[in-house]
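# Structural features, examined
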Amino acid sequence: MGFPILSLMIFTPVVGMAVVMMLNKDNFKLIRWVSTGFSIIPLILSLILAAGYDSSTSAMQFVEKASWIPSLSIQYFLGVDGLSVPMLFLTTLLSTISLIVSFNITNRVKEYFAFFLLLEAGMLGVFASLDFFLFYVFWEVMLVPMYFLIGIWGGPRKEYAAIKFFLYTLFGSIFMLVGILILYLSTTPHTLDMMELITKGSAFSHSIQIMVWVFFFVAFAIKVPIFPFHTWLPDAHVEAPTAVSIILAGVLLKMGTYGFLRISYPMLPYGTNYFAYPFAILGLIGIIYGALVSMAQKDLKKLVAYSSVSHMGYCVLGMAVFFIDQKSGQPHITGLAGCYFQMFSHGLITGAMFLLVGVLYDRAHTREIAAFGGLGSKLPVYTAFMSAFAMASLGLPGMSGFVAEFMVFIGSFPKYPVITGLAVIGVVLSAAYILRMVQRMFLGEFNTKWSGLTEINTREIIAVTPLLLLTVALGVYPKPLITMISATLQNIVTQVMR
Amino acid sequence: MPDLRPMLPELFLFAWAIVVLLFGISRKERSGDSLIYLTLVGLVITGILVPIAGYGNLFGGTFVVDKFAAFFQIVFLLAAFFAVASSHELMKKLSADRGEFFALILLSTTGMMLLASTLELITLYVSLELTTIPLFVLAAYRKDQLGSSEAGLKYLILGAVSSAILLYGISLVYGLTGTTFLQPAMSRLIEQSVPMLLASGNVNMALVMAIVMMVAGFGFKLALVPFHMWAPDVYEGAPTPITSFLSVASKGAGVVAIARVFYTALPAFHDVHWGTLVAVLAAAAMIVGNITAVLQSNIKRMLAFSSIAHAGYVMVGFVALPQGSIVPPYGPASLLFYMMAYLFANMGAFACVIAFEKNYGSYQIKDYQGLSKNSPGLAIIMTLFLLSLAGIPPLAGFMAKYYVFLAGWQQFPWLVIVGLLTSVIALFYYANIIMQMYFSRGETSLTKAHYDRPLILTLILTAVGTVAVGIYPEPILRFATEAVKVFPF
């Protein structure tokens with residue numbers, strides 16, 4: 001075992017949390033900078049990880065393996081492949097940005113930053129664990145700081161939103177736990193090693209595969225969220241403080257799709273094939289339903305929240321496509337690649353949207369779309385940022401969202417022509433709600449009530465700029481990300497099709 | 001004269017109880033502090049004596065110390081230790097009879113330790129009485145409070161009834177086998193007597209009666225539904241250190257007794273006679289305990305219902321009997337592990353309740369509002385215990401639940417599903433307290449919270465236990481797995 005870069009990445013925020021807890025609770029400045037510092041270390045480590053990652057192979061890299069609870073064959077097992085590396089980068093990036101965004105928190109500052117660092121550790125752990133038990137531990141650990149962050153610093157209905165989020169996700173998790181128990185007990189010798197479970201995956205009987213697939217589906221579908229498991233999302237997103245909304249949309253939702261690709265797909269190939277078609281239909285429903293509900297929203301944050309349901313629908317649709325190309329004999333990965341690209345791109349775009357919604361809300365104390373108008377003349381810089389991300393969100397070519405959606409459609413058309421055809425309507429609908437929002441808020445006559453509004457400040461610009469740069473960069477030149485994930489996705493499709 | 005070495009801890013603890021009693025009488029004017037420390041020293045010495053005394057077999061198999069017994073002896077000693085250490089506040093309120101209080105706790109602990117290491121039904125019964133009779137008195141110890149007297153009386157009456165039922169079950173077993181010694185041969189003896197007593201099919205009615213009686217008797221000690229009616233009132237009325245002792249040690253006594261009897265003598269009848277019966281009771285306990293706990297406004301009552309639910313979780317492990325290579329041998333071991341995890345979290349939670357009551361004078365959940373501001377340390381530590389009880393990783397409670405469910409899955413999948421679903425309900429009421437402590441700010445308290453030293457010790461030790469057992473459970477898991485090898489599966 002070499003340098004334990006993954007452990008270091010996961011546990012640096014934990015150390016940071018301990019340090020922050022020891023600081024004087026009135027020294028806001030110190031607490032903010034120390035926490036940000038402790039979140040920059042994992043960010044740097046994730047860049048080192050991405051640089052050192054060998055994208056030509058689908059094998060696990062940077063592996064750390066140690067015996068933890070041998071009596072129950074539980075290991076401390078970390079490792080990364082093409083699925084994890086971009087997600088680890090996204091997590092560390094959004095965490096740092098969220099902490100910078102949180103500098104305006106003045107209520108119970110110490111606790112806030114301590115919980116946030118714990119949250120970051122939990123998220124990183126999920127994306128790096130290769131032992132099922134360890135994965136579950138991180139998956140659950142994350143819920144606790146999230147509960148506090150929504151419940152203490154949230155909006156008017158924070159208590160309700162916090163407990164709903166906690167119970168809903170725990171409800172999903174217990175299904176995953178049952179699935180884990182079944183897989184553990186169906187292997188001989190019993191194992192929780194994900195790599196071994198994947199190897200043995202096709203050997204599980206069909207009934208077990210279908211049952212466990214459904215259990216995992218509930219757990220992951222709640223996180224994505226896939227219709228009809230999405231009802232926690234608007235409450236949690238809307239009541240959460242800005243930075244937490246960024247993390248919720250940017251990272252937490254991806255854990256659902258990540259779970260499917262990391263666990264359900266390779267471990268339960270029969271179940272995956274069995275449910276591919278319903279999966280595509282659920283993706284379509286998500287796209288259309290999310291877009292229609294977004295159109296009806298009067299609250300800007302709710303609009304962005306529901307647009308997440310729609311955008312994650314593209315992910316689901318792309319995920320439902322996998323087959324071995326008859327002509328070339330190669331696995332067809334365009335759909336999965338589109339799905340993964342959408343995961344990453346949605347993290348950037350929607351993270352930025354929530355950030356910008358928060359910027360406006362801090363100043364205006366309302367998010368009602370109808371209350372604004374003509375902000376473009378008053379807040380030109382803010383309007384420029386918001387419009388850029390609005391365009392990215394509706395899939396304007398040149399931005400990363402377009403690449404993702406395009407790949408999803410190209411990928412899914414050969415297999416589901418009708419569903420894909422209908423899903424394209426979603427693009428039109430998202431253009432409709434986004435443009436309407438932009439028009440009503442930034443164009444038209446200026447509402448003089450807002451003459452006191454101040455422009456987006458330097459700190460906020462610093463926070464949002466990296467997201468804009470990445471969105472454009474990936475929109476223009478998507479190749480680095482695609483190269484990074486290709487080998488792993490090919491391996492997944494091969495495993496699903498065995 | 002047999003070599004009494006294996007019995008050394010029990011003998012010592014009994015003697016120490018007398019010492020504490022005499023010390024209490026001779027030094028009436030002193031504060032309770034010296035008595036607390038004296039009792040704690042006795043418990044620590046007994047704990048050290050357990051490994052020194054070693055394993056052994058006395059009086060022709062009546063008294064057997066094996067790893068299983070040793071494990072539970074440590075559990076009981078830890079529970080007694082924490083209960084005594086959190087009694088400082090109670091001592092201040094008592095005007096007299098302080099020595100007796102600690103002596104009774106020690107006597108009850110002696111009874112539990114004997115209970116853990118007996119393989120003979122009459123001795124088992126006598127040990128159980130030695131365990132519970134001091135507890136009746138302890139529950140009623142606050143003579144100035146009506147609630148406490150009521151608790152004592154209720155506990156006495158229902159406890160006596162349950163003992164009688166248990167004794168009847170024991171007599172039936174004796175009738176079927178002609179022996180009171182728990183041994184694997186008992187199964188064979190019962191099977192031989194079947195032709196005479198056979199009522200219909202393969203079900204032996206006399207055996208069914210014996211099993212039902214014994215399950216009911218032990219069920220009372222464990223507070224399993226539907227034998228749980230005494231628990232909320234007794235838990236609420238009794239002095240809080242005694243409540244915490246009851247909720248862990250008394251439950252542990254029930255667990256150890258039922259495990260000894262059913263695992264040693266009756267495993268062969270698991271499939272037809274008692275497996276499903278206990279599984280149904282466990283499901284009922286989890287459902288009733290968790291749902292009723294949601295409705296409580298008094299934290300002691302809430303913890304009482306939560307402890308009923310935990311008895312259900314323990315029983316999930318209990319009914320998961322290993323069967324050759326089909327069902328792995330997790331069940332009995334998970335029972336032991338669960339008790340250890342539950343010990344730390346529940347004793348810790350009650351210590352927090354005591355600390356809160358001492359400073360803010362209330363048992364109402366709504367008064368916990370804003371605790372995170374007034375006593376941040378207490379709030380954090382209470383959150384830790386509640387999350388462990390709710391089964392959130394990486395705390396001990398999660399590991400325990402995971403182990404129990406893993407054990408139960410192959411024989412009783414429906415029971416595991418019930419357990420998992422009700423643990424979502426459980427999270428609701430545990431999280432509700434966390435919400436009160438953290439989300440709403442409440443009023444600022446002017447006085448600084450103050451905790452006495454033994455209580456701080458309890459809080460620290462239980463918190464360390466909760467985290468350590470959760471993060472590194474391996475040593476306890478291994479010991480538990482070893483310990484249950486004494487049973488003839």
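Nothing here was measured: the structure is a model prediction, and the numbers come from that model.

## Comments concerning the overall build of chain B
Helix and strand counts for chain B come out as 20 helices and four strands. For 489 residues, the compact-globule estimate of 2.2 N^0.38 gives 23 Å, and chain B sits close to it at 22 Å. Once the C-alpha set of chain B is aligned to its principal axes, its extents read approximately 75 × 55 × 40 Å. Taking the contacts inside chain B whose residues are at least 6 apart along the sequence as the reference set, 80% of them involve residues at least 24 apart.

## Topic: the overall build of chain A
Helix and strand counts for chain A come out as 21 helices and four strands. Reported as C-alpha extents along the three principal axes, the dimensions of chain A are approximately 70 × 55 × 40 Å. Across the 498 residues in chain A, those meeting the buried criterion constitute 60%. Put simply, 81% of the contacts in chain A that link residues at least 6 apart link residues at least 24 apart.

## Some remarks on the packing of helix α5 (residues 98-116) of chain B against helix α11 (residues 240-265) of chain B
Residues and elements named next belong to chain B. Relative to each other, α5 and α11 sit at 25 degrees, their axes nearing to 9 Å. Between α5 and α11, the angle falls in the class roughly parallel. Here α5 and α11 pass one another in a crossing that is left-handed. Contacts from I105, M112, L115 and A116 in α5 reach F245, A249, A253, V256 and A257 in α11. When its residues are assigned to classes, the contact of α5 with α11 shows nine nonpolar, no polar and no charged.

## Remarks on the environment of G470(B)
Residue and element names in this part refer to chain B. Among the secondary structure elements, G470 is positioned in helix α19 (residues 453-471). Accessibility expressed as a C-beta count within 10 Å gives 24 for G470, which makes it buried. In this structure, G470 is in contact with S388, P394, L395, A396, F398 and M399, ignoring residues within four places of it in sequence.

## Notes on helix α6 (residues 121-139) of chain B
For α6(B), spanning 19 residues, the distance from its first C-alpha to its last is 27 Å, which sits close to the expected 27 Å at 1.5 Å a residue. Considered for burial, the residues of α6(B) that qualify are L121(B), L124(B), S127(B), L128(B), T131(B), T132(B), P134(B), L135(B), F136(B), L138(B) and A139(B).

## Regarding the interface of chain A and chain B
Much of the literature gives interface size as the accessible area that the parts lose upon coming together. Contact residues are listed per partner, giving 24 residues for chain A and 21 residues for chain B. At twelve residues, the largest contribution of residues to the side of chain A that touches chain B is made by helix α7 (residues 158-186) of chain A. By residue class, the composition of the side of chain A that touches chain B is 19 nonpolar, two polar and three charged.

## Examining the confidence of the model for chain B
In the predicted model, chain B carries a mean pLDDT of 88, and 95% of its residues have values of at least 70. No element of chain B has a lower mean pLDDT than strand β3 (residues 198-200) of chain B, which averages 48, and none a higher one than helix α3 (residues 67-85) of chain B, which averages 94.

## Digging into helix α2 (residues 28-52) of chain A
Helical geometry: 3.6 residues make up each α-helical turn, so side chains three or four residues apart lie on a common side. Residue and element names in this part refer to chain A. A rise of 1.5 Å per residue sets the reference length of α2, with its 25 residues, at 36 Å; its end C-alpha atoms lie 37 Å apart and thus fit the reference within 8%. Inspection of α2 places I31, R32, S35, F38, S39, P42, L45, S46 and L49 among the buried residues, and these make up the whole buried set. If you follow the buried residues of α2, they end up packed against α1 (5-22), β1 (61-69), β2 (74-80), α3 (84-101) and α4 (109-128).

## Some words on the packing of α7(A) against helix α9 (residues 206-223) of chain A
Residues and elements named next belong to chain A. Two elements in contact, α7 and α9, have axes separated by 8 Å at closest approach and are oriented at 155 degrees. On the basis of the axis angle, α7 is roughly antiparallel to α9. The interaxial crossing formed by α7 with α9 has left-handed handedness. Listed contacts from α9 to Y168, T169, G172, S173, F175, M176, V178, G179, I182, L183 and S186 of α7 are I208, V212, F215, F216, V218, A219, I222 and K223. Among the residues making up the contact of α7 with α9, the classes are represented as 13 nonpolar, five polar and one charged.

## Re the pairing of β1(A)
Residue and element names in this part refer to chain A. Direction of pairing for β1 relative to β2: antiparallel, over a ladder of six bridges. Among the inter-strand pairings, A66 is bridged to a residue of β2, identified as Y76. In this antiparallel pair of consecutive strands, β1 and β2, the connection spans four residues, and S73 shows a positive phi of 40 degrees.

## What about unusual backbone geometry?
Excluding glycine, most residues fall at negative phi; most peptide bonds, likewise, are trans. Going from V225(B) to P226(B), the amide bond is cis rather than trans, its omega being 5 degrees. Tracing the backbone through its elements, the reader meets P226(B) in the loop between α9 (205-222) and α10 (230-237). The residue R108(A) is not glycine, and still its phi comes out positive at about 50 degrees. Given 18 C-beta atoms within 10 Å, R108(A) falls into the partly exposed group. Unusually for a residue other than glycine, A223(B) sits at a positive phi of about 60 degrees. The residue A223(B) is located in the loop between α9 and α10 in this model. C-beta crowding within 10 Å serves as the criterion here: with 29 such atoms nearby, A223(B) is assigned to the buried category.

## Things to note about the environment of H273(B)
Residues and elements named next belong to chain B. Structurally, the position occupied by H273 is in helix α12 (residues 270-294). C-alpha separation for the pair H273 and M209, spaced 64 residues apart in sequence, amounts to 10.0 Å. Those residues in contact with H273 that sit more than four places away from it in its chain are L207, V208 and I211.

Conventions we followed
- Residues numbered from 1 in each chain as written.
- Chains lettered and ligands numbered in written order.
- Predicted model: local features only at pLDDT ≥ 70, side-chain atom pairs only at ≥ 80, totals over all residues.
- Helix = DSSP H or I, 4+ residues; strand = E, 2+ residues; numbered from the N terminus.
- Rg over C-alpha atoms; globule rule 2.2 N^0.38 Å.
- Contact = placed C-beta atoms within 7 Å.
- Buried ≥ 20, exposed ≤ 12 C-beta atoms within 10 Å, placed from the backbone.
- Axes fitted to C-alpha atoms, helices over the stretch in contact; angles between N-to-C directions.
- Parallel < 35°, antiparallel > 145°, perpendicular 65-115°, else oblique.
- Left-handed = near helix turned anticlockwise from the far one by under 90°.
- Nonpolar A, V, L, I, M, F, W, Y, C, P; charged D, E, K, R; others polar.
- Expected span 1.5 Å × (residues − 1).
- pLDDT = per-residue confidence, 0-100.
- Pairing = 2+ DSSP bridges.

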